[in-house]
Amino acid sequence: MAFIKVQKLVRDSNNRIVSGSASIVESVYVSGKKNHSTQRVRERLGKVISLSEDKKSGVFLSPTRGLVEFDAVSGTFSPVSDTAKETIYSELFPKPQIHTVFGDVFLLLRFLEKHGLLSVFQSVFPKKEELERFLAHLLHGILKDGSHIGCDDFIEKSYASYLFEDLILSTLRSDTIFYSMMGNGKVRMDFFKAFVRLMRRKDPKFGRGCYVDSTPLPNQITNNPFNALSCHGISSSQVQTRLVLVLDEKTGLPVWYDIIPGNLLDLSTIMNTINDVAASLDIEIESLVLDAGYVCRPLIEAFHIGSGKRIISRMPARRGYPYKDLYWQFKDQFNKGKYQFIRKDHTYFGRKKKITLFGKHEEYAYVYVDHNNALLRFRNYLEEHEEEYVAMKDKDKDWMTVKYGYFVLLSNIDTTPEDLLYRYFCRTEIETVFKTSKEYLELLPLSKWTDQTVRGKILHDIIDTIVLLLVRKEMEAVGISTSRLFGKTQSLMCFKNHNEEAIVEVPNKKVKEYYKLLEISIPNYVDLKDEKHRILGKM
């Protein structure tokens with residue numbers, strides 16, 4: 001009688017057959033042989049696919065018959081059903097492993113978790129699909145680093161595609177759904193409330209002292225109620241909206257923003273912002289660092305010497321302000337050594353004088369000359385306008401020697417000219433934020449076509465800016481740019497196995513170094529079920 005003989009059978013921890021082969025063997029009578037018999041292989045059955053417990057039947061991948069079922073009791077072969085055949089072949093010949101980019105996405109997600117921002121996003125977007133959509137756009141916005149890859153393609157090629165199971169990737173090809181969601185005023189308020197609470201757990205003084213500035217956002221959006229023709233902040237007149245941004249004085253992080261008409265540069269815009277953040281977020285704006293376009297009588301009336309809030313602004317060179325009069329008062333002192341100081345390789349003249357504006361409001365006028373800029377630009381002027389300069393009166397020639405380095409700051413702060421200039425130049429923090437949003441994160445152009453999607457895009461870019469500034473702050477100490485950080489860590493890849501695990505490849509030396517700088521560990525594998533729960537919360 002024939003039977004099935006199995007060789008080198010190996011099973012895994014789940015008792016599934018991993019390897020092994022089998023043959024049909026029969027006993028043959030041989031005279032004179034011990035036991036008068038010997039075993040002879042009648043047919044090779046090949047690889048064992050499945051085997052009954054009594055080893056009398058099973059499914060085999062035969063070298064001659066293909067995938068076949070054999071029953072040793074009846075000695076018959078039978079074909080395998082199409083359904084079973086499909087399952088077996090998928091296990092025997094699995095699809096090739098697709099390697100996806102792991103290092104940058106995992107690093108940023110762990111960074112968000114480490115700094116508490118992930119819990120902020122979970123509270124702002126309690127619905128799973130909305131949180132997945134937001135995180136997809138956040139990862140794309142920060143990690144694409146200037147490339148033109150679409151959000152859907154970016155997520156599909158990355159480890160993030162293993163996490164966002166409720167998100168249909170094709171819907172990421174259009175951002176209208178996302179920006180409409182982000183344009184809801186409640187989302188903006190919920191985010192900043194949660195963000196301020198988070199930061200105050202780390203520093204109770206966060207948001208207790210803030211300063212405010214604005215920047216133009218030129219665009220061509222039809223029927224945008226915030227559009228107006230203006231030339232403030234740009235080289236020529238354009239239709240624009242203005243972004244008013246409030247920054248925490250200590251950290252330089254945005255704590256609020258607003259959108260106003262492009263031509264509206266008056267005290268009401270500032271006061272509205274002050275009142276909004278005070279009532280909604282318990283944010284106190286203590287300092288205003290403003291361009292000359294904002295300086296007007298109501299501003300001087302509200303922020304004079306003795307008023308509660310501090311102000312620093314450029315004095316406009318227009319009627320009603322002693323801009324040129326102060327030049328005549330101090331011109332003979334411009335080269336006196338005791339009034340000179342150095343800041344960032346530039347030599348400055350600086351004097352302070354208490355003045356009265358509009359007949360009754362006292363302010364301090366801080367008069368400065370940047371000698372480096374004055375000399376360089378005066379030389380350029382002479383080369384191009386020599387005849388015009390020769391024809392001038394002597395007093396006008398004297399003015400031209402300092403014109404391009406002369407400026408006056410108005411303030412109600414009583415300090416030294418050197419200290420006030422330092423405070424004024426701290427506004428470069430806010431310029432850095434504007435530059436980050438406009439250039440790295442592509443805030444411009446505002447190519448959306450409804451008021452809600454415009455608002456949604458701006459909120460998304462402000463949130464991206466906050467995240468990027470936090471990453472940049474940690475990397476600045478070691479002199480590594482965010483572009484280099486995310487670019488290098490993209491080399492770390494992973495693939496998903498049948499156990500719903502992301503198997504991480506061996507990282508190179510540079511990736512290990514960058515992860516270590518941010519105090520984040522690189523795993524050998526990631527359990528995707530646990531990771532989804534970790535990233536998306538209890539949903």
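Scoring rules and cut-offs
- One numbering rule holds for all chains: residues counted from 1, following each sequence as written.
- Local features are withheld for residues below a pLDDT of 70 in this predicted model, meaning they are given only at 70 or higher, and side-chain atom pairs are given and counted only at 80 or more; totals for whole chains, interfaces and linings count all residues.
- Only hydrogens and water are removed before side-chain values are computed, so all heavy atoms of the structure are retained for them.
- By the criteria applied, helices consist of DSSP H or I runs no shorter than four residues and strands consist of E runs no shorter than two, each listed in order from the N terminus.
- Think of it in three bands: residues with accessible area under 20% of the maximum for their type are buried, residues over 50% are exposed, and the middle band is partly exposed, with areas taken using a 1.4 Å probe on protein chains only.
- If DSSP finds at least two bridges between two strands, the strands pair.
- Contact between two residues is taken to exist if any of their heavy atoms lie within 4.5 Å; hydrogens are not considered.
- Working convention: axes come from line fits to C-alpha atoms, limited for helices to the stretch in contact. Angles between N-to-C directions cover 0 to 180 degrees.
- Stacked, edge-to-face and tilted are the three classes for Phe, Tyr and Trp ring pairs, Trp counted by its six-membered ring, which pair at centre distances within 6.5 Å; planes under 30 degrees apart are stacked, over 60 edge-to-face, the rest tilted.
- In this scheme, Lys NZ or Arg CZ marks a charge over a ring once it lies within 6 Å of the ring centre and within 35 degrees of the ring normal.
- The patches described consist of residues with a relative accessible area above 30% and no salt bridge, like charges being joined within 9 Å and nonpolar side chains (Val, Leu, Ile, Met, Phe, Trp, Tyr) within 5 Å.
- Here, Shrake-Rupley sampling with a 1.4 Å probe gives the accessible areas, and only protein chains in the shown set may cover a residue.
- Salt bridges are identified by distance alone: a Lys or Arg side-chain nitrogen within 4 Å of an Asp or Glu carboxyl oxygen.
- When charges are counted, Lys and Arg are positive and Asp and Glu negative, with His and the chain ends excluded.
- Note on charges: their place is set at NZ of Lys, CZ of Arg, CG of Asp or CD of Glu.
- The arc in question is the one spanned by the directions pointing from the helix axis to the C-beta atoms.
- Each polar contact in these results corresponds to two N or O atoms within 3.5 Å; when the atoms are within protein, one needs to be able to donate a hydrogen and the other to accept it, and residues that are neighboring in sequence are counted only if both atoms are side-chain atoms.
- The cut-offs work like this: below 35 degrees is roughly parallel, past 145 is roughly antiparallel, 65 to 115 is roughly perpendicular, and the gaps in between are oblique.
- If you view the pair so one helix is near and one far, a crossing is left-handed when the near helix is turned anticlockwise from the far one by less than a right angle, and right-handed when it is turned clockwise.
- All residues other than Ala, Val, Leu, Ile, Met, Phe, Trp, Tyr, Cys, Pro, Asp, Glu, Lys and Arg, Gly among them, are scored as polar; the first ten of these are nonpolar and the last four charged.

Chemist: Looking at this structure, I do not really get unusual backbone geometry. What am I missing?
Modeler: Among all residues save glycine, negative phi is the norm, and among peptide bonds the norm is trans. Unlike most non-glycine residues, lysine 55 shows phi in positive territory, near 60 degrees. Here lysine 55 shows up in the loop between strand S3 (37–51) and strand S4 (57–62). One non-glycine residue, lysine 344, lies in positive phi territory at about 50 degrees. Within the fold, lysine 344 resides in the loop between strand S14 (340–343) and strand S15 (346–357). Lysine 344 gets classed as exposed once you look at its relative accessible area, which sits at 67%.

Chemist: Please clarify how the sheet that holds strand S18 (residues 493–496) should be interpreted in this entry.
Modeler: Strand pairing in a sheet relies on backbone hydrogen bonds. The paired strands run either parallel or antiparallel. Spatially, S7-S18-S19-S20 is the arrangement adopted by the four strands of the open sheet, whose pairing is antiparallel. Of all the strands in the sheet, the pair left with one neighbour each is strand S7 (100–101) and strand S20 (525–527). Sheet topology note: the S18/strand S19 (residues 501–504) ladder contains three bridges and is antiparallel. Within S19, the residue paired with cysteine 494 across the bridge is valine 504. Running at roughly 70 degrees to S20, helix H19 (residues 528–536) makes contact with S18, S19 and S20 of the sheet.

Chemist: I would appreciate a short explanation of the packing of aromatic side chains in the present structure.
Modeler: The relative placement of two aromatic rings is captured by the distance of their centres and the angle of their planes. Under the defined criterion, the tally for this structure stands at 29 aromatic pairs. With centroids separated by 4.8 Å and ring planes inclined at 40 degrees, the aromatic side chains of phenylalanine 70 and phenylalanine 77 adopt a geometry described as tilted. A centroid spacing of 5.1 Å and a plane angle of 70 degrees characterise the contact between phenylalanine 191 and phenylalanine 192, whose relative ring orientation is edge-to-face. An identical accessibility class is assigned to phenylalanine 191 and phenylalanine 192; each is buried. Three or more aromatic residues joined by ring pairs form one cluster here, namely Phe121, Phe125, Phe134, Phe191, Phe192, Phe195, Phe206, Trp256 and Tyr257. Lysine 352 extends its terminal NZ or CZ atom over the ring of tyrosine 364, reaching a point 5.3 Å from the ring centre.

Chemist: Even after reading the chapter, I still don't get a positive patch on the surface, so can you show me in this structure?
Modeler: The grouping of Lys193, Arg197, Arg201 and Lys202 at the surface amounts to a positive patch. Residue position: lysine 202 is located in helix H7 (residues 185–202).

Chemist: Is there a simple way to explain the environment of threonine 273 in this structure?
Modeler: Mapping threonine 273 onto the fold places it in helix H8 (residues 267–281). The exposure class assigned to threonine 273 is buried, which follows from its relative accessible area of 1%. Between the alpha carbons of threonine 273 and aspartate 258 there is a distance of 7.2 Å; along the sequence they are 15 residues apart. When neighbours within four sequence positions are excluded, threonine 273 is seen to be in contact with Val244, Val246, Trp256, Asp258 and Ile285.

Chemist: For this particular structure, what's the right way to read helix H3 (residues 117–124)?
Modeler: An α-helical turn contains 3.6 residues, so any two residues separated by three or four positions project in the same direction. Turning to H3, its buried residues are Leu117, Leu118, Val120, Phe121 and Val124. One side of H3 carries all its buried residues, which in axial view fall inside an arc of 155 degrees. Where the residues of H3 are buried, they touch helix H2 (103–114), helix H4 (128–143), H7, helix H16 (451–476) and H19.

Chemist: Looking at this structure, I do not really get the environment of phenylalanine 164. What am I missing?
Modeler: Considering the arrangement of structural elements, one finds phenylalanine 164 in the loop between helix H5 (151–156) and helix H6 (176–182). Here the alpha-carbon distance between phenylalanine 164 and glutamate 129, two residues 35 residues apart in the chain, equals 8.2 Å. Dropping the residues within four chain positions of it, phenylalanine 164 is found in contact with Glu132, Leu135, Ala136, Leu139, Ile155 and Leu536.

Chemist: Can you help me understand the side chain of arginine 133 in this one?
Modeler: Here arginine 133 is to be found in helix H4. Looking at arginine 133, the relative accessible area reads 5%, which means it is buried. Reaching out from arginine 133, the side chain makes a polar contact with the side chain of glutamate 129 at a distance of 2.7 Å. Excluding residues that lie within four positions of it along the chain, arginine 133 makes contacts with Leu167, Thr171, Leu172, Ile177 and Phe178.

Chemist: Would you take a moment to explain the pattern of salt bridges for this structure?
Modeler: Side chains that differ in charge, positive against negative, can pair when their charged atoms come close. Summed over the entire model, instances satisfying the criterion amount to 23 salt bridges. Among the salt bridges present, the one from arginine 65 reaches glutamate 43, with a minimum N-O distance of 2.6 Å. Of this pair, arginine 65 sits in the loop between S4 and strand S5 (66–71) while glutamate 43 is found in strand S3, placing the two residues 22 residues apart along the sequence. In this structure arginine 65 comes out as partly exposed when scored by relative accessible area, which is 44%. One salt bridge in this structure joins glutamate 500 and lysine 496, with 3.9 Å as the shortest N-O distance. Assessed through its relative accessible area of 36%, glutamate 500 is described here as partly exposed.

Chemist: How do you make sense of the packing of H2 against H4 when you look at a structure like this?
Modeler: Angle between the axes and distance between the axes: these two values describe a pair of packed helices. Here H2 crosses H4 at 115 degrees, and the two axes come no closer than 11 Å. Classified by the interaxial angle, the pair formed by H2 and H4 is roughly perpendicular. The two elements H2 and H4 cross, and the hand of that crossing is right-handed. In this structure, H2 uses Asp104, Val105, Leu108, Leu109 and Leu112 to contact H4, whose residues at the interface are Leu138, Leu139, Ile142 and Leu143. Partitioning the contact of H2 with H4 into residue classes produces eight nonpolar, no polar and one charged.

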